[in-house]
Amino acid sequence: MCGIAGLAVFDKNNSRFLDTIVACSKAMELRGPDHEGFFRTSNVALAHRRLSIIDTSDAANQPMFSKDGRYVIVFNGEFFNFSRHREQLIQSGMQFKTTSDTEVLLELFIKEGISCLEKVNGFFAFAVYDTLTRKMTLARDRMGVKPLYYFLNDDFFGFASEMKGIVQLGVPRELDTAALCDYLHLNYIPGQKSILKGVLKLLPGHFAELELNDSGPSFKVKSYYRIPDTYRSNPSAVESDYKQASSELSRLLDKAVQRRLVSDVPLGAFLSGGIDSSVVVGLASRHVKGLKTFSIGFRDEPHFDETHYARLVADKFKTDHTEFSLTTDDLYSNLFAVLDYLDEPFADSSSLAVNILSMHTRKHVTVALSGDGADELFGGYNKHKAEWLILNKSLFTKLLKPVSALLSNQGGSRNGPLSNKLRQLHRFAEGVSLSPQQRYWRWCGFTTLSDLKDLLVHPPGELYYHSNYSELLAPLGTGSELNDFLYMDMQMVLPDDMLVKVDRMSMAHSLEVRSPFLDYEVVNYSFQLPDHFKIDKQAQKKILKDSFKDMLPEALMTRGKQGFEVPLLTWLRGGLNALVTELLLDKEFISSQGIFRLEELRKLHTKLHSSQPGDATARIWALIVFQYWWKKHMVS
């Protein structure tokens, strides 16, 4: 786990701009505190920040060069099955100077070109520069675990692991208003776009090639992988025997966990007490005696505290278990550290808890396994159960539809269990009468086109708004089965929300997080399985639970899913009220910014303090995060 960056200047007379690579690297120091390295020619520069995990010797530092000096690589991530390919290369006559996965990847790339990615099982973002042909190749892993931003104009091409790095390369700081609209709806920015116009994300499973020709640069982006949708193309092929499918899933997950245990530094695992992390811990404990596990508990919120279940799992597998007991004050005290680290608006409030868990875990280990991805693969979220009920025309759905108007008058919010349940029922009733595409977009977000028209000085046009979300939702297909929803989550929610949260908050503390559920062999197999293997009347994530019910404590099998809600409403009405006033209600600031309508911000603020705040809490939090980012990064 590291940070990488690069710059290619098209006019050698502007080569002084290559010096900005130093500032770019410095900005990403926390991604790689163990070593900093640079490569530079007359018009190309590369930088690498290293977090040493495999082969911690100086010989494995980067940028790393081929033996003849022609190729140079900067690599962020892990190549888990590198040992097998290393042995094959040795048998063909190759000699290695390190035991690192980076050197194997470089030699494999030299031998096979971009097709080598078909052999790489891991998560990564990397760049290889061929000094002879002056061709630069960049690639990002299949699921989008590791980030990679890039920018291209007539003067230069630049890339970096984080926005805080790429802006140091001279990227114009111009707001992308389309990205802002997406952000205000989702509380994160999906797809290729970033908050800055012209700065793009290389999509998961894609690679890019930049050729520095004398006649001018040539740049292209291509896909090398997409999650297979076997369940769509050949439905009969997925109707396998359930018991056999369960056995195969168990085998694939065990292999995925084993691959992620390779480390030359201390390794442990997050343990929430839920099914997903417990499966990972149970499998890892087969191969690691006294595995270190880490949980956080919430003293002030006993309804959300899962440490009892985490202890049951830790006791069963005899792990070396550590609990971090937190108060809401602990979360609050870390709030501004999170806002300061974020270099792009990102309003998933659960990042506060991930930040604290990562901070404490890093005091004990450098690598942690996690259960991320299981909900998206096997149907673990409330919206998945709701969609299943609609698709299966349940009696509950028919009864709820007529009372949707009544539920809308009840408001509801995330601030308490009962209020949150009302909020969920309202959103469910609202979605029943919508098309699958409209329903998915509504359930993922917090605004409507009408909301954006009221809020923004320059709102999107109706045609643009609908074409934009239709383009984003293309992977959803017809939305005629639950797997379509899960497939869409893997394309948008997972890489642009869940994985961004884990990457940024873990990297803020130089901690590497590995997710066995996102092994591409596990992902590929899961999308061969039919809907009813994942959800039925009795259970969500059915096949996952059945596959490991004999391994885990029985109490975990009967409990419901339990997420943690940060007490945002209380904070926004109390300790953060002064910040709300400063960032959302200051007439002079809002007017000079020219983005939001003050009268609508005031309406949202009034709703926040009403007895039925509804989604005003999430919307105001997204606005606070954006405004905090704006003042820090866009105001001179």
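Being a predicted model, the structure only gives us computed values, none of them experimental. (Residues numbered from 1 in each chain as written. Predicted model: local features only at pLDDT ≥ 70, side-chain atom pairs only at ≥ 80, totals over all residues. Heavy atoms only, no water.)

Draft legend 1. Quick look at the overall build of the protein chain. Counting its regular elements, the protein chain contains 31 helices and 17 strands. For a compact globule of 636 residues, the expected C-alpha radius of gyration is about 26 Å, and the protein chain comes in at 24 Å, within 12% of that figure. Overall, the protein chain is about 75 × 60 × 50 Å in size when its C-alpha atoms are taken along their principal axes. Every one of the 636 residues in the protein chain was classed for burial, and the buried ones make up 61%. Taking the intrachain contacts of the protein chain between residues at least 6 apart in sequence as the baseline, contacts between residues at least 24 apart amount to 73%. Carbon together with sulfur atoms contributes 50% to the accessible area of the protein chain, which is approximately 24,700 Å² in total. Here the protein chain holds 74 positive side-chain charges and 76 negative ones, and the gap between their average locations is 2 Å. (Helix = DSSP H or I, 4+ residues; strand = E, 2+ residues; numbered from the N terminus. Rg over C-alpha atoms; globule rule 2.2 N^0.38 Å. Buried < 20%, exposed > 50% of the residue type's maximum accessible area, 1.4 Å probe, protein only. Contact = heavy atoms within 4.5 Å. Areas by Shrake-Rupley, 256 points an atom, 1.4 Å probe, with all protein chains shown as cover. Lys, Arg positive; Asp, Glu negative; His and termini not counted. Charge placed at Lys NZ, Arg CZ, Asp CG, Glu CD.)

Draft legend 2. Summary view of the sheet that holds strand β2 (residues 35-40). Spatially, six strands are ordered β2-β3-β1-β9-β8-β10 in an open sheet, and the strand pairing comes out antiparallel. Lying at the two open borders of the sheet, with one neighbouring strand each, are β2 and β10 (199-201). On average, each strand axis in the sheet is inclined to that of its neighbour by 15°, with strand direction left out of account. Of the pairings in the sheet, the one linking β2 to strand β3 (residues 44-50) comprises six bridges and is antiparallel in character. The residue of β3 that forms the bridge with H35 is R50. (Pairing = 2+ DSSP bridges. Axes fitted to C-alpha atoms, helices over the stretch in contact; angles between N-to-C directions.)

Draft legend 3. Structural view of the pattern of salt bridges. Taken as a whole and judged by the stated rule, the model has 40 salt bridges. The residue K164 makes a salt bridge to E162 at a minimum N-O spacing of 2.6 Å. For the pair formed by K164 and E162, the shared burial category is buried. For D375, the salt bridge identified is with K541, shortest N-O distance 2.9 Å. Here the residue D375 occupies a position in helix α14 (residues 374-378), and K541 occupies one in the loop between α24 (520-526) and α25 (542-548), the gap between them amounting to 166 residues. K541 gets classed as buried once you look at its relative accessible area, which sits at 8%. Residues joined in a network through salt bridges with shared partners are R31, K146, E162, K164, D343, D503 and R504. (Salt bridge = Lys/Arg side-chain N within 4 Å of Asp/Glu carboxyl O.)

Draft legend 4. Broad picture of the nonpolar core. Ranked by size, the top nonpolar core spans 196 residues in total, and within it I166, W621 and F626 carry the most contacts. The greatest single-element share of this core, amounting to 11 residues, is contributed by helix α31 (residues 616-633). Contacts of F626, omitting those with residues within four sequence positions, involve L175, L180, Y183, I195, P345, Q593, I595 and F596. In this structure, A8, V72, V74 and L148 belong to the second largest nonpolar core, which totals 20 residues. (Core = buried A, V, L, I, M, F, W, Y, C linked by side-chain atoms within 4.5 Å.)

Draft legend 5. Structural detail: the packing of helix α15 (residues 382-391) against helix α19 (residues 436-444). At their nearest, the axes of α15 and α19 sit 12 Å apart, and the two run at 155° to each other. For the element pair α15 / α19, the angle class is roughly antiparallel. The handedness of the crossing between α15 and α19 is right-handed. Each of K383, A386, E387 and I390 in α15 lies in contact with α19, whose residues at this interface are R439, Y440, W443 and C444. Partitioned by chemical class, the residues of the contact of α15 with α19 number five nonpolar, no polar and three charged. (Parallel < 35°, antiparallel > 145°, perpendicular 65-115°, else oblique. Left-handed = near helix turned anticlockwise from the far one by under 90°. Nonpolar A, V, L, I, M, F, W, Y, C, P; charged D, E, K, R; others polar.)

Draft legend 6. The packing of aromatic side chains, seen in detail. Taken as a whole and assessed by the stated rule, the structure comprises 29 aromatic pairs. Positioned over the ring face of Y520 is R142, at 3.7 Å from the centre of the ring. It is K534 that lies over the ring of F527; its NZ or CZ is 4.7 Å from the centre. (Phe/Tyr/Trp six-rings, centres within 6.5 Å; stacked < 30°, edge-to-face > 60°. Lys NZ or Arg CZ within 6 Å of the ring centre and 35° of its normal.)

Draft legend 7. Fine view of the sheet that holds strand β16 (residues 367-369). In space, the five strands of this open sheet follow the order β15-β14-β13-β16-β17, with parallel pairing throughout. Each of the sheet's edge strands pairs with one partner strand only, and the pair in question is β15 (320-326) and β17 (512-514). The sheet shows a mean angle of 30° between the axes of neighbouring strands, taken without regard to direction. Both strand β13 (residues 267-270) and β16 contribute to a ladder of three bridges, which runs parallel. Within β16, the position partnered with L267 by the bridge is V367. Packing against the sheet, helix α13 (residues 351-361) makes contact with β13, β14 (292-298), β15 and β16, and its axis sits at approximately 140° to β14.

Draft legend 8. Examining the side chain of S370 more closely. Considering the arrangement of structural elements, one finds S370 in the loop between β16 and α14. Within polar-contact distance, the side chain of S370 engages the side chain of S515 at 3.1 Å. (Polar contact = N/O pair within 3.5 Å; in protein donor to acceptor, adjacent residues only side chain to side chain.)

Draft legend 9. Focus on the environment of G6. Here G6 lies in strand β1 (residues 2-9). With 33 residues separating them along the chain, G6 and F39 place their C-alpha atoms 9.2 Å apart. With residues near it in sequence (within four places) discarded, G6 still touches I21, A45, L46, F157, G158, F159 and L169.

Draft legend 10. Summary view of the pairing of β13. Sheet analysis places β13 next to β14, joined by three bridges and oriented parallel. If you follow G268 over to β14, its bridge partner there is K292. Of the crossover connections in this fold, the one passing from β13 over helix α9 (residues 275-285) to the parallel β14 is right-handed. (Right-handed = clockwise from strand over helix to strand, strands pointing away.)

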